[in-house]
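Structural features, examined
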Amino acid sequence: VADALLAADPRWIFAAIALFFLSIFAGAWQWSLLLRIQGIRFGFADCFRSYYAGMFLNNFLPGTVGGDALRVWDVHRRQLESGRGSLGKAAASTLLDRLMGFSALSVFSLCALALEFHRQDLPRGLLMSLLQVVGAVSAAFVLLLLVLLSRRFSGALHAAIRALGWERLGNVHAKVQDSLHAFRAQWGRIGVVFLVACLVQLLRIAVHALCAAALGLSLAPAFFFSFIPLIALTAV
């Protein structure tokens, strides 16, 4: 491993570092757009600082949610200073930020696998297995986003919970929906956030590809687009 790292091409390494930094900048922008929809005043400089610190924690703590907790607390603390507590809204924005990223990864993965069925760079059995897994994950994300952002889906779920007599769960669901209220019927603005999320995840995948190039590895793009989403989900 040491020999491989020492032999890596520094030009590709610096390119990967530059793209990774750019992805952090774009990720902070994505999060700031969601906070803005919520009506939370948290300037871009603060978003970038908190997002950057969160990325550090996600890379050095077990799991990848410690940085998310830090971001939620940063926003909540700033809002408390101005007399407006917003823990629920901050958590909702950060959760949606994560879901947008995973959804973008899933879309890239599905597109890459569809392309690979024509190119046949990967064994067909492996392609089918990956397509089943990524397809199930993508469907789960679509359903979750609909439940969180659609009045109709959310109302149906709430009615089902009440009908089953799960009062405590119904109260929790009501609080979650209250925190997400600002995102309802905002499909245009949510669409812009999703496009930014696609840019962020494309940059992150490109970082992996540049690192592979630095190490002299020749890998089909399908490997990056197919496996990185699954690795990200497993890490969370």
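Now for a quick tour of the structure. (Residues numbered from 1 in each chain as written. Predicted model: local features only at pLDDT ≥ 70, side-chain atom pairs only at ≥ 80, totals over all residues. Heavy atoms only, no water.)

What to know about the nonpolar core
For the record, the criterion: By convention a nonpolar core is built from buried Ala, Val, Leu, Ile, Met, Phe, Trp, Tyr and Cys residues, the set being connected through side-chain atoms within 4.5 Å. Burial here depends on accessible area, computed with a 1.4 Å probe over protein chains only, as a share of the maximum for the residue type. Under 20% is buried, over 50% is exposed, and the range in between is partly exposed. What counts as a helix is a DSSP run of H or I of at least four residues, what counts as a strand is a run of E of at least two, and both are numbered from the N terminus. For this analysis, residues touch if any pair of their heavy atoms sits within 4.5 Å.
Counting 30 residues, the largest nonpolar core has L96, L149, F183, I190 and I205 as the members making the most contacts within it. Among the secondary structure elements, those contributing two or more residues to this core are α2 (10–37), α5 (87–119), α6 (124–149), α9 (187–214) and α10 (221–235). Sort the elements by how many residues they give to this core and α5 lands first, with nine residues. Not counting residues within four places of it along the chain, the set of residues in contact with L96 comprises L34, L145, L149, F183 and I190. Counting residues in each nonpolar core, the second largest holds twelve residues, with F42, C47, V72 and A90 among its members.

Some points on the packing of aromatic side chains
The test is simple: Between 30 and 60 degrees the pair is tilted, below 30 it is stacked and above 60 it is edge-to-face, where a pair is any two Phe, Tyr or Trp rings, Trp via its six-membered ring, whose centres lie within 6.5 Å. By the criterion adopted, a ring carries a charge over it if an Arg CZ or a Lys NZ lies within 6 Å of its centre and within 35 degrees of its normal.
Counted under the stated rule, the structure contains nine aromatic pairs. With a centroid separation of 6.1 Å and 55° between ring planes, the pair formed by F25 and F48 is classed as tilted. Residue F25 is found in helix α2, and its partner F48 is found in helix α3 (residues 44–60); the two are separated by 23 residues along the sequence. Through a chain of ring-to-ring contacts, the aromatic side chains of F21, F25, F44, F48 and Y52 assemble into a single cluster. We note R71 situated over the ring of W31; from NZ or CZ to the ring centre the distance is 4.8 Å.

Side note on a nonpolar patch on the surface
Our working definition: Residues qualify for a patch when their relative accessible area is over 30% and they have no salt bridge, like charges being joined within 9 Å and the nonpolar side chains of Val, Leu, Ile, Met, Phe, Trp and Tyr within 5 Å. Per-residue and other accessible areas follow the Shrake-Rupley method at a 1.4 Å probe size, with only the shown protein chains counted as cover for residues. Salt-bridge detection follows one rule: a side-chain nitrogen of Lys or Arg within 4 Å of a carboxyl oxygen of Asp or Glu.
Together, V1, L5, L215, L217, L219 and F223 line one region of the surface with nonpolar side chains, adding up to about 590 Å² of accessible area. A residue is classified by how much of its surface remains accessible, and L219, at 44% relative accessible area, is partly exposed.

Describing the packing of α2 against α3
Here is the rule: What counts as an axis is a line fitted to C-alpha atoms, over the stretch in contact for a helix, and the angles between N-to-C directions run from 0 to 180 degrees. These descriptions rest on fixed angle ranges, namely under 35 degrees for roughly parallel, over 145 for roughly antiparallel, 65 to 115 for roughly perpendicular, and the rest for oblique. The sense of a crossing depends on the near helix, which, turned anticlockwise from the far helix by less than a right angle, makes the crossing left-handed and, turned clockwise, makes it right-handed. Residues are grouped as follows: nonpolar covers Ala, Val, Leu, Ile, Met, Phe, Trp, Tyr, Cys and Pro; charged covers Asp, Glu, Lys and Arg; every other residue, Gly included, is treated as polar.
Where α2 meets α3, the axes come as close as 9 Å, and the angle between the chain directions of the two elements is 120°. Looking at the two axes, α2 sits oblique to α3. Once α2 is placed against α3, the crossing between them reads as right-handed. Contact residues: F20, F21, I24, F25, G27, A28, W29, W31, S32 and L35 in α2; F44, C47, F48, S50, Y51, Y52 and M55 in α3. Looking at the contact of α2 with α3 residue by residue, the classes come out as 14 nonpolar, three polar and no charged.

Overview of α5
Rules: In this analysis, the expected span of each helix is defined as 1.5 Å times one less than the number of residues it contains.
Its 33 residues give α5 an end-to-end C-alpha distance of 48 Å, which sits within 8% of 48 Å, the value for a rise of 1.5 Å per residue. Directly after α5, the chain includes Q120, whose backbone phi takes a positive value near 60°.

Some points on helix α7 (residues 151–163)
Here α7 spans 18 Å end to end across 13 residues, near enough to the 18 Å set by a 1.5 Å rise per residue. In the stretch just after α7, G165 is the one whose phi turns positive, near 80°.

A closer look at the pattern of salt bridges
Taken as a whole and assessed by the stated rule, the structure comprises seven salt bridges. Of the charged contacts in the structure, one is a salt bridge between D68 and R98, with a shortest N-O distance of 3.3 Å. Of this pair, D68 sits in helix α4 (residues 66–81) while R98 is found in helix α5, placing the two residues 30 residues apart along the sequence. Accessibility classification places D68 together with R98 in one group, the buried group. Note that R71 is salt-bridged to D97, the shortest N-O span being 3.2 Å. Note that R71 is positioned in helix α4 and D97 in helix α5, a separation of 26 residues in sequence. The exposure classification of R71 matches that of D97, with both residues buried. Counted as one network, the salt bridges with shared partners bring together D68, R71, D97 and R98.

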